[in-house]
Amino acid sequence: MPIAHVLLVTGIASVVSLPWWPEWTGWDGWHRSLHRVGATVFLATILGMALWVLRSWRSGERTALERVVRWIPRTDVWLVLFGVDLLTINGAILAPPYLPGWSWLVPGAACFVASGVIWGLVLMPLQRRLVETCASGADPDPLLRRWFRWGAVALVLPLVSLTLMLTRPG
Ligand code: HEM
């Protein structure tokens, strides 16, 4: 089950990040913790799904690939959007001390928004076409290559956000 794979990656990411976990108590501690939960679920789901699709693609089993691509929109709605909600709501609550003006927060949030735009304009339509192509028995390889290329960009952008949020340059 792809969902098991995603939960495994999320679990490993959560355990590995535990030593850096902030205090849960207090207003800031609570929102920082939820922001981190959002970042973990968001990144682990994207990575987990990409690995799962790659595995099914390389196995050459079309039925397995068809099943996995059907899971992409579901994990987007249930897990990726859940992470996005936590990131944006708690990020917005924590933002006022760093605004107005220029800080690491501006490019950090901008990279996240750019990733969302790529997801909405390119990846979502590609995913819909992938499901249809796999179901029709046509060759999904060109679409998969495009999905991985754009997916890599959509993953690197929030990783840049993460780096900026952790290092806070300037
Ligand atoms: C709308 C987008 C976002 C906003 C407005 C936002 C806002 C913030 C703010 C204000 C902080 C500083 C919290 C504080 O210590 O007071 C922060 C920290 C952080 N952000 Fe974001 N963020 C956003 C997106 C992201 C993304 C996409 C990631 C990673 C995938 C991320 C990961 C983190 C992490 C790991 C921290 C450090 C938390 C800590 O020190 O406990 N954020 N963010």
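What you are looking at is a predicted structure, and each value in this text was computed from that prediction instead of being measured.

All right, on to the site of the ligand then. Residues in close proximity to the ligand total 24 residues, the closest being A39, G91, L94, L162 and M165. Sorting the residues of the shell around the ligand by element identifies α2 (26-59), α3 (62-94), α4 (105-136) and α5 (141-167) as the ones contributing at least two each. The dominant element in the shell around the ligand, judged by the number of residues it contributes, is α2, at seven residues. In the shell around the ligand, the residues fall into 16 nonpolar, five polar and three charged.

With that out of the way, let us pick up the packing of α4 against α5. Where α4 contacts α5, the two axes come as close as 9 Å, and the packing angle between them is 160 degrees. Between α4 and α5, the interaxial angle falls into the category roughly antiparallel. In the crossing of α4 with α5, the sense of the turn from one axis to the other is left-handed. In terms of residue class, the contact of α4 with α5 is made up of 21 nonpolar, five polar and two charged.

Rules behind the numbers
Residues numbered from 1 in each chain as written. Predicted model: local features only at pLDDT ≥ 70, side-chain atom pairs only at ≥ 80, totals over all residues. Near = placed C-beta within 6 Å. Helix = DSSP H or I, 4+ residues; strand = E, 2+ residues; numbered from the N terminus. Nonpolar A, V, L, I, M, F, W, Y, C, P; charged D, E, K, R; others polar. Axes fitted to C-alpha atoms, helices over the stretch in contact; angles between N-to-C directions. Parallel < 35°, antiparallel > 145°, perpendicular 65-115°, else oblique. Left-handed = near helix turned anticlockwise from the far one by under 90°.

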